[in-house]
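Structure at a glance
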Amino acid sequence: MKIVLQHLTKKFPSRNRKVREEVVAVNDFDFEIPNGKLVGLLGPSGCGKSTTLNLICGLQKPTDGRIFFGEDDVTDLPPENRGVGLVFQNYALYPHLTVEKNIRFPLENLKGADKLSKEQMRDRVYEAARLVQIEELMDRKPSELSGGQQQRVAIARALVKMPRVLLLDEPLSNLDARLRLQTREEIRRIQKQTQITTVFVTHDQDEAMSISDLIVVMKDGIVQQIGKPQEVYDNPVNLFVAKFLGTPPINVFDGRVQDGRLYIGEDAILDTKGVPDQEVSVGIRPEGFLLQEDGPMHCRLSRLEVMGRDVSVVSASEYSQNPIIRAIINAENSIDLNAETIRFAVKPQKVFIFNKETEERILL
Amino acid sequence: MEKNNLKGWLYLLPAFLFLGAFMIYPLIDVFVYSFEEGYNSASQTFFGVGTYNYSYVLHDPYFLQAVKNTFILVMITVPVSTGLALLISVALSSIKPLRDLFQTVYFLPYVTNTLAVGLVFMILFKKTPYSDGLVNLLINWFGGNSVDFIEGPYWAKMFVLCFYTVWVVMPFKILILTSALASVNQVYYNAARVDGTSSFRIFRKITLPMISPMIFYLVITGFIGAFKAYSDAVALFGTDLNAAEMNTIVGYVYDMLYGDSGGYPSYASAAAIILFTIVLTITCINLLVSKKHVHY
């Protein structure tokens, strides 16, 4: 089931009655989520990603725009008639019901032609439980489960009614680091197995990059960029997206384009033919540096952080917008720790330049 | 380790002393009194030890009347007041405008003096040579005959007493239940809505279990409170409750101690111990029943 969002907008009245300003949580979201894909909505907190999810599931009504599931216009349908499964951030398992009863709860709501017999319900419940591998926990109460197990129960409860669309709100934020890695693989596996169109919300770019077919980067209610994770990483449309994706984060410098060359300070690091002279922000991915004794770019060396396979060179420069510059280079390179300055060459495809005011990308 | 234990007991000592002097000793004393036959409070002497006091009290028609009244009062007012309070709280939490006003209005009886309220109820229900009272006026409008609620038939008096009790105990229950309802996390309702749960089912399967500890608390304290009813009856029917057939167990205990027939602490103690046993039994039954239906 593909999901089509047409000019979706959600405004909230301002809390402050004196200022009659509306808060625009989602601003003109226009996008088609292809059938059977796993899509990550990514952005800092307050960017409108959870609101978008609530709009898709129907808990909130859009101020403007339409939502289609396949060919059906579901904009005015209440959540129960949309056929969505929703996994809440804190799971919202009913604490007084056992795991089995929690998963069965949505099935017991079915009425009329959809009504299921006791045996059918049991089969469906156990099928969902098998899918998320919690069959042995069926008699426990939610309070007797670990966070990861609760998460699985919540997913089973969302899947048991065979929704057309599965929605996950910050599915991994309540789990510890190890469980997070494991669970995100699990979500990927379940999604692949069921082939349900899935949308999940996260503020963690690692999470979104690792399992999504497509990611949607949002900021202040406005979609910044949509694409495959690697494409968005390699080709950010603006400085915000470039900064938001990638760990360690991108290094940003004040620079300028002059006579077809890109300068950081007095170092001309790259040829930029065809770009008019102007002040720019320069983003260089940590892996975009090459250690080179006669390299065009110089920084003050601070320290090295050895991380096994890689070495992270921490340095500083008066032109850097961040206090430190982090470059990741191969551990086989030898570095003279006593040297005051370190010189780099840069990989052109890892260097992005952005307009100083609009922060939009300037294509080379 | 041993030393630490000693220190611990030392810290507990003041609390134990006060509890012992003001809670435990009187309890034991009442128990002892209830077995002392022919106790004379002036000379502080008694003839013997035995169960005569209990036998006397259990054969006293006034006591039996008081037990009957108390049981009727408990069995009617506890379920009715708790149920009504639940309905009103649910209604209150589902409206937005004027909620604060209504909450205040519903809480007013709680801060009003029992005797003052009793007076108002007298005016509402009492038949005097000049007027039949407001309630009778209403009954007459609908074509009924006037009933003397204060000095008339037993059922009418019992009705007024129950009505009054329900009215007095409701505010507290509404207060507790509205806050219990407000504390149920909205996310459960959202989850149920996404799953297409009907509002009646949401109430029965989610709201009720979630607030069940509070309901249980109200039922237990309601039972205990109703068993100890006394001042309500006095406010409506005056101090001679035996004559009005409206005495309660606590009223009987009080009469035995200080009333016209007063001066019988042994009988009073026996009646008090019987009340204690009844309340204890009912509370234990409540606890057993609740194990199945209350979700903490």
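Refer to the structure printed above.
Residues numbered from 1 in each chain as written. Chains lettered and ligands numbered in written order. Predicted model: local features only at pLDDT ≥ 70, side-chain atom pairs only at ≥ 80, totals over all residues. Heavy atoms only, no water.

1. Description of the pairing of strand 1 (residues 3–13) of chain A
Residues and elements named next belong to chain A.
- Note that strand 1 and strand 2 (residues 22–33) share eight bridges and pair antiparallel. The residue of strand 2 that forms the bridge with Ile3 is Ile33.
- One ladder, built from five bridges, connects strand 1 with strand 4 (residues 64–69); its direction is antiparallel. Bridge pairing links Val4 to Phe68 in strand 4. (Pairing = 2+ DSSP bridges. Helix = DSSP H or I, 4+ residues; strand = E, 2+ residues; numbered from the N terminus.)

2. Here we look at the packing of aromatic side chains
- Enumeration over the complete set of coordinates arrives at 26 aromatic pairs over all chains.
- Ring centres of Phe63 of chain B and Tyr252 of chain B lie 5.0 Å apart, and the angle between their planes is 65°; on these two criteria the pair is classed as edge-to-face. Of this pair, Phe63 of chain B sits in helix 3 (residues 61–94) while Tyr252 of chain B sits in helix 11 (residues 249–258); the two residues are 189 residues apart in sequence, bridging distant segments of the chain.
- Overall, Tyr252 of chain B belongs to the buried group, its relative accessible area being 2%.
- Taken together, the ring pairs in this structure connect Phe121, Phe125, Phe159, Phe163, Tyr164 and Trp167 of chain B into an aromatic cluster.
- Across from the ring centre of Tyr263 of chain A, 4.8 Å away, lies the NZ or CZ of Arg256 of chain A, which sits over that ring. (Phe/Tyr/Trp six-rings, centres within 6.5 Å; stacked < 30°, edge-to-face > 60°. Buried < 20%, exposed > 50% of the residue type's maximum accessible area, 1.4 Å probe, protein only. Lys NZ or Arg CZ within 6 Å of the ring centre and 35° of its normal.)

3. Quick word on the interface of chain B and chain A
- Contacts between chain B and chain A engage 17 residues on the former and 20 residues on the latter.
- Interface area, chain B with chain A, both sides summed: about 1,700 Å², of which 61% is carbon and sulfur.
- Three residues, Val194, Asp195 and Arg201 of chain B, lead the burial of chain B against chain A; their summed loss comes to 35% of the area buried on that side.
- Taken together, the links from chain B to chain A amount to two salt bridges.
- Here chain B is connected to chain A by nine residue pairs in polar contact (both at pLDDT 80 or more).
- Breaking the side of chain B that touches chain A down by element, the ones donating at least two residues are helix 8 (186–194) and helix 9 (199–227) of chain B. (Contact = heavy atoms within 4.5 Å. Buried area = accessible area lost by both parts, 1.4 Å probe. Salt bridge = Lys/Arg side-chain N within 4 Å of Asp/Glu carboxyl O. Polar contact = N/O pair within 3.5 Å; in protein donor to acceptor, adjacent residues only side chain to side chain.)

4. As for the pattern of salt bridges
- Evaluated as defined, the whole model comprises 18 salt bridges over all chains.
- Between Glu32 of chain A and Lys2 of chain A there is a salt bridge; the shortest N-O distance is 3.8 Å. Here the residue Glu32 of chain A occupies a position in strand 2, and Lys2 of chain A occupies one in the segment before strand 1, the gap between them amounting to 30 residues.
- Put simply, Glu186 of chain A and Arg152 of chain A hold a salt bridge, and the shortest N to O gap is 3.1 Å. You can see Glu186 of chain A sitting in helix 5 (residues 177–194) and its partner Arg152 of chain A sitting in helix 4 (residues 147–159), a full 34 residues away along the chain. Each member of the pair, Glu186 of chain A as well as Arg152 of chain A, is classed as buried.
- Through salt bridges with shared partners, a single ionic network connects Glu100, Arg104 and Glu108 of chain A together with Arg201 of chain B.

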